[in-house]
Amino acid sequence: MVSTGAHVVDDDATIVDFRGNPVDKSRTGGWLAAGLILGTELSERICVVGISMNLVTYLVGDLHLPASKSANIVTNFLGSLNLLAFLAGFIADAKLGRCMTVVISAAITALGVTLLTINTSLSSMKPPPCDDYRRQHHECVTASGKQLAMLYTALYAIALGGGGIKANVSGFGSDQFDVRDPKEEKAMVFFFSRFYFCVSLGSLFAVTILVYIQDNVGREWAYGISATTMVVAVLVLLGGSLVYRYKKPRGSPLTVIWKVIYLAWKNRNLSLPSDPSLLNQYHNATVPYTQRFRCLDKAAVIPDPSDVEGVEGDRGAWKFTTVTQVEEVKMVLKLLPIWSTCILFWTVYSQMTTFSVEQATFMDRNVGSFVIPSGSLSFFLFITILLFTSLNEKLLVPLARKFTGMVQGITSLQRVGVGLIFSMMAMVAAAIVEKQRREATIRHQTKMSVFFLVPQYFLVGAGEAFAYVGQLEFFIREAPERMKSMSTGLFLTTLSMGFFLSSLLVSLVDKATKGAWIKNNLNKGRLEYFYLMLAVLGVLNFLVFLVFARRHQYKVQSYTSDQVLEKDVDIRRNGSVELEQVPKSVDAQ
């Protein structure tokens, strides 16, 4: 690694062309290569968002599954996708490289969406149709295990492929630019803005055009369009093989973490030296030694000084580790308390793809002769996210900077806190609307306008604009320099855990209330109680967050929040943060 200006970049030897030779910058990389890669991200968003935002209506309406089970299928799908992104990032770093991982992942996604298209087009994969009378009396035949098997296979193939794309495509795109070249560094900044544009464009296309086709033409047509888009993306990606720049895989930081934990456990019966300077490579450490998590220091204890000679060998490398590596693992562990309190935000977010969509089906969705698809309400979510992200960068941060004197305006944890407050407000608003909707339907036999759902989408979108960027900034700034990509993967697992927690809570509530709160027919349930429960959990979670946030001691950083927004907003919903894109921080212990 070499340092250039504010950036840390890779040695030239790690960047090669298709044949493994040093790159010729006039023939490889740049906008041609990056543009071909962007098509994969656009296609991934079209597929995943187009499926997830309207899947619950298919599960309840066509497969006649209970609302609680349908919501869990959607949240488990999204949770698996984000969790598999963490795994895919590890595989790319350790063995396959980003390009090969993206190609394989895109092919798997194309296969998954094709299977989903076939599944939804075959009448044998659905139970018999059910009229409103039988639906009200719970006489509908639900989909059998055999019919669901193909659906699950398709969804989890998409999750596996989508996770691989999510973890690596933005990093692969950024590899096409050399930050040591002023021209290419400037182009890379534009790449991230265009990457973000593709993310937003794909999501908006999915929740408007594709969701409309699903509801009014046929799901198999919408999924067929998605499958075709992904197949074309794979072909385009392969077609650019000769013009890409490839970064050689150099091993994953996860290996370091596993090594430190393994050796600390293995040496648990050894005594720590009286002076920490006796630990392995104490004086050569690039990270200052700290007293926290001292049990991990045993990984750097040298039982036999004669073993030091073999520390570079494969066998000797697993006898003991260095103080630098131990301290890096300590820094990762320091992130976990905040990590745990960020999960509930994504549990709230997941309701926008499940129960909020189901609410919309029971409301008046007519605008003149046009009927708004239930899944298209997410349009207000994405528009709000874009609006508040822009406001944060152009207005709120500069304004806050004047009052706080900090270059980033407010701290990353303050951003997260604001996002958590918005999420609590969203659940209260959702509960109020659901109570009013249910009473209007039962008592007055009228349907409320679907636009009454906009406030909850608005509040969650505003919350994400703060929470997502705040979490992203926190995990980048507080992570060890060598582990920033991995810490981004850790951040993405909060999304995964949030979706899984939603599934768990729905199952527990459904069992505890014997199905009284969450019913297929929301008019007979009490969904507002579930929303209020999430609001109460949000308050408790926020109090715990405040305790952890007050105790957290920041590293001193040399870059601003504006730079994070400009250069790292590419992983909003999608990619990984690359070490080359983040200016080097300055530790102050």
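What counts and what doesn't
- Residues numbered from 1 in each chain as written.
- Predicted model: local features only at pLDDT ≥ 70, side-chain atom pairs only at ≥ 80, totals over all residues.
- Heavy atoms only, no water.
- Helix = DSSP H or I, 4+ residues; strand = E, 2+ residues; numbered from the N terminus.
- Expected span 1.5 Å × (residues − 1).
- Buried < 20%, exposed > 50% of the residue type's maximum accessible area, 1.4 Å probe, protein only.
- Contact = heavy atoms within 4.5 Å.
- Phe/Tyr/Trp six-rings, centres within 6.5 Å; stacked < 30°, edge-to-face > 60°.
- Core = buried A, V, L, I, M, F, W, Y, C linked by side-chain atoms within 4.5 Å.
- Axes fitted to C-alpha atoms, helices over the stretch in contact; angles between N-to-C directions.
- Parallel < 35°, antiparallel > 145°, perpendicular 65-115°, else oblique.
- Left-handed = near helix turned anticlockwise from the far one by under 90°.
- Nonpolar A, V, L, I, M, F, W, Y, C, P; charged D, E, K, R; others polar.
- Salt bridge = Lys/Arg side-chain N within 4 Å of Asp/Glu carboxyl O.

## So, helix α1 (residues 30-52)
Then, in step 1: Spanning 23 residues, α1 covers 33 Å between terminal C-alpha atoms, matching the ideal 33 Å at 1.5 Å per step.
Then, in step 2: In terms of residue burial, α1 counts as a mostly covered element, since 17 of its 23 residues are buried.

## Side note on the environment of Arg294
Then, in step 1: Topologically, Arg294 is positioned in the loop between α9 (253-266) and α10 (323-350).
Then, in step 2: Spatially, the C-alpha atom of Arg294 lies 9.8 Å from that of Ala264, the residues being 30 residues apart in sequence.
Then, in step 3: When neighbours within four sequence positions are excluded, Arg294 is seen to be in contact with Leu272 and Tyr289.

## Quick notes on the packing of aromatic side chains
Then, in step 1: With the rule as written, the count across this model stands at 20 aromatic pairs.
Then, in step 2: When the ring of Phe90 is compared with that of Trp258, the centres are 5.3 Å apart and the planes differ by 55°; the resulting orientation is tilted. Here Trp258 lies in helix α9 and Phe90 lies in helix α3 (residues 67-96), a separation of 168 residues in the sequence.
Then, in step 3: The class for Trp258 is partly exposed, based on a relative accessible area of 47%.

## A word on unusual backbone geometry
Then, in step 1: Of note in the backbone geometry, His64 takes a positive phi value of approximately 60° without being a glycine.
Then, in step 2: Secondary-structure assignment places His64 in the loop between α2 (55-61) and α3.
Then, in step 3: Within the chain, Lys514 stands out as a residue other than glycine whose phi angle is a positive 55°.
Then, in step 4: If you trace the backbone, Lys514 turns up in the loop between α15 (484-512) and α16 (527-551).
Then, in step 5: By relative accessible area, Lys514 is classed as exposed at 79%.

## A look at the nonpolar core
Then, in step 1: Core analysis: the largest hydrophobic core is formed by 129 residues, its most contacted members being Leu59, Tyr244 and Phe530.
Then, in step 2: It is helix α13 (residues 412-444) that contributes the most residues to this core, twelve residues altogether.
Then, in step 3: Sequence-distant contacts of Phe530, that is, excluding residues within four places in its chain, are made with Gln351, Phe355, Leu505, Val506, Val509, Trp517 and Ile518.
Then, in step 4: Tyr289, Ala299, Val326 and Val329 belong to the second largest nonpolar core, which has 17 residues in total.

## Some thoughts on the packing of α1 against helix α8 (residues 219-239)
Describing two packed helices takes the angle between their axes plus the distance from one axis to the other.
Then, in step 1: Put simply, α1 and α8 touch, their axes get as near as 9 Å, and they point 160° apart. By the angle class used here, α1 and α8 are roughly antiparallel. Remark: the crossing between α1 and α8 carries left-handed chirality. Together, Leu36, Ile37, Gly39, Thr40, Ser43, Glu44, Ile46, Cys47 and Ile51 of α1 and Tyr223, Ser226, Thr229, Met230, Ala233, Val236 and Leu237 of α8 make up the contact between the two elements.
Then, in step 2: Tallied by class, the residues present in the contact of α1 with α8 amount to ten nonpolar, five polar and one charged.

## With respect to the packing of α3 against helix α4 (residues 98-121)
Then, in step 1: α4 packs onto α3 with a crossing angle of 135° between their chain directions and a minimal axis gap of 8 Å. Relative to α4, the element α3 lies oblique. As for how α3 packs across α4, the hand of that crossing is right-handed. Taken together, the residues of α4 that come into contact with α3 (itself represented by Ala88, Ala92, Asp93 and Leu96) are Arg98, Met100, Thr101 and Ile104.

## Some points on the environment of Ala33
Then, in step 1: Secondary-structure assignment places Ala33 in helix α1.
Then, in step 2: In this structure the C-alpha to C-alpha distance between Ala33 and Gly173, which are 140 residues apart in sequence, comes to 7.7 Å.
Then, in step 3: Setting aside residues no more than four positions away along its own chain, Ala33 makes contact with Gln176, Val243 and Tyr244.

## Some words on the pattern of salt bridges
Then, in step 1: Within the structure shown, the criterion is met by ten salt bridges.
Then, in step 2: The residue Lys247 makes a salt bridge to Asp175 at a minimum N-O spacing of 3.4 Å. One end of the pair, Lys247, is in strand β4 (residues 246-247); the other, Asp175, is in the loop between α6 (145-174) and α7 (182-216), and 72 residues separate them in sequence. Of the two residues examined, Lys247 and Asp175, each falls in the buried class.
Then, in step 3: For Lys435, the salt bridge is made with Glu439, and the minimal N-O distance between the two is 2.8 Å. Linking Lys435 with Glu439, this pair stays in helix α13, spanning four residues, or about one helical turn.

This is a description of form; function is not addressed.
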